[in-house]
Amino acid sequence: MFDFWRRALFFPFAMLLISLMLWGMAGALPAVLMFTSALLLYFILHLRQLAALDRWLESPDARKVPDGAGLWEDIFAQLNKMMRLQRKEREQHTAALQHMEQATSALPEGVVILDEADRIEWCNPIAEQHFGLDGTRDIGQQITYLARQPEFVQYLATKNYSEPLLLRGTRQDSLTLSFKLIPYGDNKKLLISRDITRFERIETMRRDFVANVSHELRTPLTVVNGFVETLCDMPNLDNDETRRALHLMAEQTQRMARLVDDLLTLSRLDNALNALQEETVDVPTLLRTLYQEGQSLSGGRHGLRLDLESDCVLLGNAEELRSAFGNLISNAIRYTPQGGEIVLRWQEQGGQPVFSVQDSGLGIAPQHIPRLTERFYRVDHSRSRETGGTGLGLAIVKHVVSRHQARLEVASEEGKGSTFSIVFPAKRRLPLPEQATT
Ligand code: ADP
């Protein structure tokens, strides 16, 4: 700073000194004339440099920073240095951006960046294939102008992106695509698309295989079971060992038959093409029947109670609901020791219909609860087998619950008992026939 003022004031001071000396030698007029002309020259020189700077600022080019003399030489040198630094930083940023673009382009998923109005800001080549986009032409276009499938447009509008959207045979007939929207920053969105055709094919093969095997096993099992039962009932069967063996065979074939039935039920529920057949389900009547069945399954070993606190009816599938409710009731009976209490309850909570089964049985430790609805997951293998469980009951319940947009809640304490509740959405509650007419 000091250097700047020293250099800036050197010329005017030198001129002042010379003018004062001239004043002494030749009088005031030549001295004043000389001083003003020197200042004017100094002023013009600065003005020229300023004009050069102004011209350059109008279209700054890092390679053409003006040259200057004296004070301006330093200023322009610093400007030059700044511009070089800035150019280097810009080059580094561009390289980083290109690197990012290359990495994102190499992703096996399609990536589209959408702005706050769902206009395309950028997309990678896989997204171009999945959406039929052109990465240069379509920038700035609304995504829904280019990807017009109604399901996709609706998915974008719902603003609930917790679950991915599946679209089968959309652009290219043979492709199944999964889409996921991830909001970020200031209302921007990342749209990720994945080709899950192979995965879907394997899933379908798995499902078909299980369904076919189960179906094929059904007939031979029925035949074997029939013969075993006939043999069991033969009056001249006096060998105890043979009788025991036959009873065991009957028990096991029945268990296999239940397993096959449960596998078939699951593959039906699991099939995306098998949409929910909705009808009016009179839940109180259904529960009275299930209560009777529960009584006979319990054989008087438990205190079984039915609490119908609501008489509301549901929009759903009676067969599926019967299967889900029946599984929860059968579990409560099988996992509650003799003398325990079981309550079946139908009620409404905040406008939502709720079915619950409360038991005073074995209860479940907290670490098992999140995994209960997995196929073949058992807390206690021997107990499940002893009581004739297939390990598929709660998996069936989970599917039925999700097909009815309901949720399954489990509250349990080891050694004290459990409550399994199915909470239905309010929209599934139908007005009673007399309410509907009034
Ligand atoms: P399973 O045929 O073995 O009963 P489920 O899918 O119906 O299969 O249930 C999974 C596991 O959850 C069971 O093996 C059991 O350990 C546990 N379970 C289910 N319901 C209850 C209950 N009411 N009380 C205690 N444990 C239960």
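What counts, and where the lines are drawn
Residues numbered from 1 in each chain as written. Predicted model: local features only at pLDDT ≥ 70, side-chain atom pairs only at ≥ 80, totals over all residues. Heavy atoms only, no water. Near = heavy atom within 4 Å. Polar contact = N/O pair within 3.5 Å; in protein donor to acceptor, adjacent residues only side chain to side chain. Helix = DSSP H or I, 4+ residues; strand = E, 2+ residues; numbered from the N terminus. Nonpolar A, V, L, I, M, F, W, Y, C, P; charged D, E, K, R; others polar. Pairing = 2+ DSSP bridges. Axes fitted to C-alpha atoms, helices over the stretch in contact; angles between N-to-C directions. Contact = heavy atoms within 4.5 Å. Salt bridge = Lys/Arg side-chain N within 4 Å of Asp/Glu carboxyl O. Buried < 20%, exposed > 50% of the residue type's maximum accessible area, 1.4 Å probe, protein only. Core = buried A, V, L, I, M, F, W, Y, C linked by side-chain atoms within 4.5 Å. Domains from an automatic or database assignment.

What should I look at first to understand the site of the ligand in this one?
In the vicinity of the ligand, 20 residues are found, and the nearest of them are Arg 334, Tyr 335, Ser 384, Gly 391 and Leu 394. Separating a nitrogen atom of the ligand from a side-chain N or O atom of Asp 359 is a distance of 2.9 Å. In the model, an oxygen atom of the ligand is placed 3.3 Å from a nitrogen or oxygen of the Gly 393 main chain. Elements that contribute at least two residues to the shell around the ligand include exactly α10 (318-334), α12 (393-403) and β12 (417-423). No other element matches α10, which puts three residues into the shell around the ligand. Looking at the shell around the ligand residue by residue, the classes come out as nine nonpolar, seven polar and four charged.

Would you explain the sheet that holds strand β10 (residues 352-359) in this entry?
For sheets, the rule is that strands pair by backbone hydrogen bonds, running either parallel or antiparallel. The strand order β7-β9-β10-β12-β11 describes an open sheet built from five strands, whose pairing is mixed. Two strands bound the open sheet, and with one partner strand each, they are β7 (303-308) and β11 (407-413). If you compare each strand with its neighbour and ignore which way they point, the axes differ by 15° on average. Sitting on the sheet, helix α9 (residues 283-298) is in contact with β7, β9 (341-349) and β10, with an inclination near 175° to β7.

In this structure, what is going on with the sheet that holds strand β5 (residues 188-195)? I would like to understand it.
Sheet architecture is open: five strands sit in the order β2-β1-β5-β4-β3, paired in antiparallel fashion. The open sheet has two edge strands, β2 (120-123) and β3 (165-168), and neither has a second partner. If you compare each strand with its neighbour and ignore which way they point, the axes differ by 20° on average. In terms of strand pairing, strand β1 (residues 110-114) meets β2 through three bridges, oriented antiparallel. Bridge pairing in β2 places Val 112 opposite Cys 123.

It is not clear to me how the pattern of salt bridges should be interpreted in this structure. Could you clarify?
Think of it this way: side chains of opposite charge can pair up when their charged atoms draw near. Taken as a whole and judged by the stated rule, the model has 24 salt bridges. A salt bridge links Arg 206 to Asp 270, with the nearest nitrogen and oxygen atoms 3.5 Å apart. Residue Arg 206 is found in helix α7 (residues 197-232), and its partner Asp 270 is found in helix α8 (residues 240-270); the two are separated by 64 residues along the sequence. Across the salt bridge formed by Arg 375 and Asp 270, the nearest N and O atoms sit 3.2 Å from each other. A residue pair is termed long-range when its members are at least 10 positions apart, and Arg 375 in the loop between β10 and α11 (381-386) and Asp 270 in helix α8 qualify at 105 residues.

Can you walk me through α12 in this structure?
Within an α-helix, residues lying three or four positions from one another point in the same direction, as the helix has 3.6 residues per turn. Of all the eleven residues making up α12, nine are buried; the element is thus mostly covered by neighbouring parts of the structure. Among the residues making up α12, those that are buried are Gly 393, Leu 394, Ala 395, Ile 396, Val 397, His 399, Val 400, Val 401 and Arg 403. Where the residues of α12 are buried, they touch α8, α10, β11 and β12. Positive phi shows up at Gln 405, right after α12, with a value of about 50°.

Just to check I follow, could you spell out the nonpolar core for this structure?
For soluble globular proteins, the rule of thumb is that nonpolar side chains tend to be buried together. Ranked by internal contacts, the top residues of the largest apolar core, which has 39 residues, are Phe 325, Phe 355 and Ile 422. Among the elements that line this core, the one with the most residues is α10, at seven residues. Viewed by domain, this core spans two of them, domain 3 (208-270) and domain 4 (279-435), each represented by three or more residues. If we skip the residues at most four places from it in the chain, Ile 422 touches Ala 324, Phe 325, Leu 328, Pro 353, Val 354, Phe 355, Val 397, Val 401, Ala 406, Arg 407 and Leu 408. Counting 20 residues, the second-largest nonpolar core is a separate cluster that includes Leu 114, Ala 127, Leu 133 and Leu 165.

Can you help me understand unusual backbone geometry in this one?
Residues apart from glycine generally show negative phi values, whereas peptide bonds are mostly found in trans. One non-glycine residue, Asn 187, adopts positive backbone phi at about 60°. Along the chain, the position of Asn 187 falls in the loop between β4 (176-184) and β5. By relative accessible area, which is 58% here, Asn 187 ends up exposed. Phi is positive for Gln 405, close to 50°, though the residue is something other than glycine.

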